[in-house]
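Breakdown of the fold
Chain by chain, the residues run as shown.
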Amino acid sequence: EDVTNIDSVGIITAKNGIHVGAGVSAVGVGTFGSLDIGGDIDVDGHTNLDNVSVAGVSTFSGDIELTSTDSGAAAAPTLRLQRDSSSPANQDVLGQVLFGGKDSNSADENYASVAGKIIQAGGGGEHGAIQITTRKASANVITANLTSTDYELLNGTNLSVDGNIT
């Protein structure tokens, strides 16, 4: 749509974007206002993407690295897990990082997780917690909660200290 130029070496220039349906192949360099692709994208080589928004479930294979070149003192890079609930409530889990692997029977298991949780959702009196869950006797159990006032060890979790404790 609105293709303004396709030159002799396959460079495409489109003013307002282009729609690519299934079975279409584009080789060369293109400049688009937007690109709407109705199928899979297979990109070989290094690709720079700026200001990317991904909707829906996404799967990544391999390592994911976040790099910041900011030389300031603020935290960077940051990874924000944002839950935009229309009805936030006490005990809501805001996000979770799962650590999974195979057991000796090759079944997938979640061995540990770290979650952010709302303790108190009331405006002006908000409180949160970090909750740690680990696999224990083939069940996932909450082993620790860290709040602004307490570090709780739960479900038979012992405290072991190598050195002094004050």
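Look up: the structure comes first, before these words.
An account of the accompanying structure is given in this report. (Residues numbered from 1 in each chain as written. Predicted model: local features only at pLDDT ≥ 70, side-chain atom pairs only at ≥ 80, totals over all residues. Heavy atoms only, no water.)

Let's talk about the overall build of the protein chain
Test applied: By definition, any uninterrupted DSSP run of H or I lasting at least four residues is a helix, any uninterrupted run of E lasting at least two residues is a strand, and each is numbered from the N terminus. Contact between two residues is taken to exist if any of their heavy atoms lie within 4.5 Å; hydrogens are not considered. A 1.4 Å probe and the Shrake-Rupley method give the accessible areas. Residues count as covered only by the protein chains that appear here.
For the protein chain, the helix and strand inventory stands at zero helices and 10 strands. Starting at the N terminus and walking to the C terminus, you meet the elements of the protein chain as β-β-β-β-β-β-β-β-β-β. Across the protein chain, the fraction of contacts at a sequence separation of at least 24, relative to all contacts at a separation of at least 6, is 11%. Taken as a whole, the protein chain presents about 13400 Å² of accessible surface, with 49% of it coming from carbon and sulfur.

A short note on the environment of Thr143
Tracing the sequence through the fold places Thr143 in strand E9 (residues 139–146). Not counting residues within four places of it along the chain, the set of residues in contact with Thr143 comprises Ile132, Thr133, Thr134, Glu152, Leu153, Leu154 and Thr157.

A closer look at the sheet that holds strand E7 (residues 108–120)
For clarity, the threshold we go by: Between any two strands, pairing holds if DSSP finds at least two bridges. Note on geometry: axes are C-alpha line fits, over the in-contact stretch for helices, and angles between N-to-C directions span 0 to 180 degrees.
With respect to topology, five strands assemble into an open sheet ordered E6-E7-E8-E9-E10, the strand pairing being antiparallel. Since the sheet does not close on itself, it has two edges, and those belong to strand E6 (93–102) and strand E10 (151–153), each with one partner. Geometrically, the sheet is characterised by an average inter-axis angle of 25 degrees between neighbouring strands, direction not taken into account. Relative to E7, E6 runs antiparallel, the two being bridged by nine bridges.

A closer look at the pattern of salt bridges
The criterion, for reference: By convention in these notes, a salt bridge is any Lys or Arg side-chain nitrogen within 4 Å of a carboxyl oxygen on Asp or Glu. For every residue, the accessible area (1.4 Å probe, protein chains only) is compared with the maximum for its type, and the residue is labelled buried under 20%, exposed over 50%, or partly exposed between those bounds.
Under the criterion given, the structure shown has two salt bridges. When the shortest N-O distance is used, the salt bridge between Asp108 and Lys102 registers 2.8 Å. Here the two residues Asp108 and Lys102 agree in accessibility, since each one is exposed. Between Arg135 and Glu109 there is a salt bridge, and its shortest N-O distance comes to 2.9 Å. Here the residue Arg135 occupies a position in strand E8 (residues 127–136), and Glu109 occupies one in strand E7, the gap between them amounting to 26 residues.

Section: the side chain of Lys117
Our working definition: Charged-residue counts in this description rest on Lys and Arg as positive and Asp and Glu as negative, His and the chain ends being excluded. Any N or O atom pair separated by 3.5 Å or less is treated as a polar contact, with the protein-specific requirement of one donor-capable and one acceptor-capable atom, and with residues adjacent in sequence counted only for side-chain atom pairs.
Secondary-structure assignment places Lys117 in strand E7. No salt bridge is formed by the buried Lys117. Its closest oppositely charged neighbour is Glu152, at 8.5 Å. Of note is the side chain of Lys117, whose polar atom sits 3.2 Å from the side chain of Gln91. With residues up to four places along the chain from it excluded, the contact list for Lys117 reads Gln91, Asp92, Val93, Leu94, His127, Gly128, Ala129 and Gln131.

Some points on the pairing of E9
Relative to E9, E8 is paired through seven bridges, and the arrangement is antiparallel. Bridging across to E9, Ile130 finds its partner in Leu146. Counted between consecutive antiparallel strands, the loop separating E8 from E9 contains two residues, among which Ala137 sits at a positive phi close to 55 degrees. Judged from the three bridges that link them, E9 and E10 form a sheet pairing that is antiparallel.

Some details on unusual backbone geometry
Of note, the bond from Ala76 into Pro77 is cis; its omega dihedral lies within 30 degrees of zero at 0 degrees. When you line up the elements, Pro77 lands in the loop between strand E5 (35–37) and E6. Residues other than glycine seldom take positive phi values, yet Ser106 does so here, at roughly 65 degrees. In this structure, Ser106 sits in the loop between E6 and E7.

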